[in-house]
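Given next are the chains, with one letter for each unit.
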Amino acid sequence: LVVISFNFFKLVPPHIVFVMVDDQGYNDIGYHGSEIHTPVLDQLAGEGVKLENYYVQPICSPTRSQLMTGRYQIHTGLQHSIIRARQPLCLPSDIPTLPERLRQAGYSTHMVGKWHLGFCRPECLPTSRGFQSFLGSLTGSGDHFSFQSCDGTEACGFDLHDGNRPAWELSGNYSTRLYTERVKEILRGHDQRTPLFLYVALQAVHTPLQAPGHLLRRYQTLGNRPRRHYAAMVSGVDESVGEIVSELRERGYYNKSVLIYSSDNGGQPLSGGCNWPLRGGKGSYWEGGVRAVGFVHSPLLKRKRVVSQALIHISDWYPTLLSLAGYRDSDSSHLDGQDVWGAISSGLPCPRTEILFNIDPVSRRHGEVDPRLLNVNGFGIWDTGVRAAIRAGDWKLLTGNVGDGDWFPPQTMPGGPQQWQGMEKRRDQRGKSVWLFNVTADPYERADLAEARPEVVKVLLARLAEYNRTAVPPRNPPDDPMADPQLHGGVWTPWLGQEEAGDEGVDEEPDNTNRKARSKSTCRVCKLRALFKKVGNRMQRAALFL
């Protein structure tokens, strides 16, 4: 009986709190030497396991999709860019999500913050993809106080939702503060006999750069305004995580919890972020775009106060957290993620040895192939004009237009735009389409070894070709004018209903002809509105320069 009781309590699944921060750079946390004060995060990371070989994707939607599915972009059709607000696109409904599987394992699942995985149909919403509650935004960015979000200059609307309804009454609250309070409400109201999965996807520190006055006053001496506001936002995140952990302790969750902290991509240097000494930034496949701030804090860790060099990717959290939850995924053969808990908690050998960052066929025009890039640079194996990146062991290979490869030293920041002239410029991108680095020996990507080690290049190009054979076609539909919030009460909300989703393959009823005719007529009017708005905005901008 003693043994049975011990095993029972040993197998009780932990509460899981996953905090994702938006656009935090590698150098934007205290323990990496930043001038930004993050005492709470520094302490939590120091008492837990710092992940110093941890990778995400260079932009928002891809990182979030791989967290939710455990699958690379090439296996979900999301290879190209983010999911735009007016795009009739979302996370594929036939792929199970992390919260859906956790609910099957007996978890209560709640999300607070930024979704950015599509919302064109009701079945795309967080509450339709496994979360029992949701407070947050559906689009990629927006005002941190008013929650107004714009897609270009043509379409703007309100984007704060409580469940499936617009939360107008919460406008005016600072997003980080608002989301923190909702997390605390969830923790106070939850029955702890049920394991909890809490996904806290903070809107900070994404632009627009906004912070309350008490946070801004901490950085009055920073001369560069974007950096000053950015630093204040990071401090807000630090305070938020501190309050969440305090609530975990006060309510009795802490000793049975696992806290994971992660940025979704590298920082944007021109918007206050800093990835120094890594190369590049948000939107690029250089280390500054994909190597992320990350750590795990938990009393359940078998080893603590350590730095882990295990190779870990954002897609690994899916199988890792399901394993912690006691769920055995029947779809494991389709996953690209690995269960890395043993490597994190016990220092065991890490099962991951390779990361495919992406293969984006849309980076090439359809049918456009440069024979030189295929036969010379690509050794007849791979068209190096295609944007792609892979890491295998110590080696990292990049092909195509992988983003600006500048280094942005922090000392260039205080002086304003004129001081950017002195930053280190890329010297190895002109006329090139393939790069190779030993990122273990050279984590700053300063020594391109593509010409010196052609045999390694060939092996990694072959791996890209192998991966590409498993890819599904990219899904990148054009924007739909019917998504304009002005057609939906000024709110970003699903605009394709169940009827439209089920039109194909269904016998038409007599009134369907009229309904479709009305829909086409409305769409034409909508397109005209969008066109007039675009022309009007361009005329206004032109008038500013007259």
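Residues numbered from 1 in each chain as written. Predicted model: local features only at pLDDT ≥ 70, side-chain atom pairs only at ≥ 80, totals over all residues. Heavy atoms only, no water.

For the protein chain, the name recorded in an unreviewed UniProt entry is Arylsulfatase I-like, with Sinocyclocheilus grahami as its organism. Under Sequence similarities (unreviewed entry), UniProt gives the following word-for-word description of the protein chain: "Belongs to the sulfatase family." The record in UniProt for the protein chain states the following under Cofactor (unreviewed entry): "Ca(2+)". (UniProt positions renumbered as here; feature names shortened; annotations may be inferred.)

Asker: Teacher, can you tell me more about the overall build of the protein chain here?
Answerer: Of the regular secondary structure elements, the protein chain holds 14 helices and 18 strands. Counting every position in the protein chain, which comprises 546 residues, the buried fraction comes to 56%. Long-range pairs, those at least 24 residues apart, make up 73% of the contacts in the protein chain with a sequence separation of at least 6. Summed over its atoms, the accessible surface of the protein chain is roughly 23,200 Å², and 53% of this surface lies on carbon and sulfur atoms. (Helix = DSSP H or I, 4+ residues; strand = E, 2+ residues; numbered from the N terminus. Buried < 20%, exposed > 50% of the residue type's maximum accessible area, 1.4 Å probe, protein only. Contact = heavy atoms within 4.5 Å. Areas by Shrake-Rupley, 256 points an atom, 1.4 Å probe, with all protein chains shown as cover.)

Asker: Even after reading the chapter, I still don't get the sheet that holds strand E17 (residues 395-399), so can you show me in this structure?
Answerer: By way of backbone hydrogen bonds, the strands of a sheet pair with one another, either parallel or antiparallel. Pairing in this open sheet of four strands is antiparallel, and the strands run E15-E16-E17-E18 from one edge to the other. The outermost strands of the open sheet, each flanked by one partner alone, are strand E15 (354-360) and strand E18 (434-438). Taking the axes of each pair of neighbouring strands and ignoring which way they run, one obtains an average angle of 10° across the sheet. In terms of strand pairing, E17 meets E18 through five bridges, oriented antiparallel. Opposite Thr399, over in E18, you have Val434 as the bridge partner. Packing of helix H12 (residues 454-468) onto the sheet brings it into contact with E15, strand E16 (387-392), E17 and E18, and relative to E17 it is tilted by some 65°. (Pairing = 2+ DSSP bridges. Axes fitted to C-alpha atoms, helices over the stretch in contact; angles between N-to-C directions.)

Asker: When you look at the state of the cysteines in this model, what are you seeing that I'm missing?
Answerer: Simply put, disulfide is the name for a covalent bond between the sulfur atoms of two cysteines. Scanning the model with the defined rule gives two disulfides in all. Two residues, Cys90 and Cys124, share a disulfide whose sulfurs are 2.2 Å apart. In this structure the cystine formed by Cys90 and Cys124 twists about its S-S bond by roughly -50°; its chirality is therefore left-handed. Taken together, the residues Cys90 in the loop between helix H3 (60-69) and helix H4 (98-104) and Cys124 in the loop between strand E4 (108-114) and strand E5 (133-137) connect sequence positions 34 residues apart. Take Cys90 and Cys124: they sit in the same class, and that class is buried. Note that Cys150 is cross-linked by a disulfide to Cys156, the S-S spacing being 1.9 Å. One quick way to see it: the torsion about the S-S bond of Cys150 and Cys156 is about 115°, and its sign makes the bridge right-handed. In this structure Cys156 comes out as partly exposed when scored by relative accessible area, which is 26%. For the protein chain, the disulfide bridges join cysteines in the arrangement 1-2, 3-4, where the cysteines are counted in sequence order. (Disulfide = S-S within 2.5 Å.)

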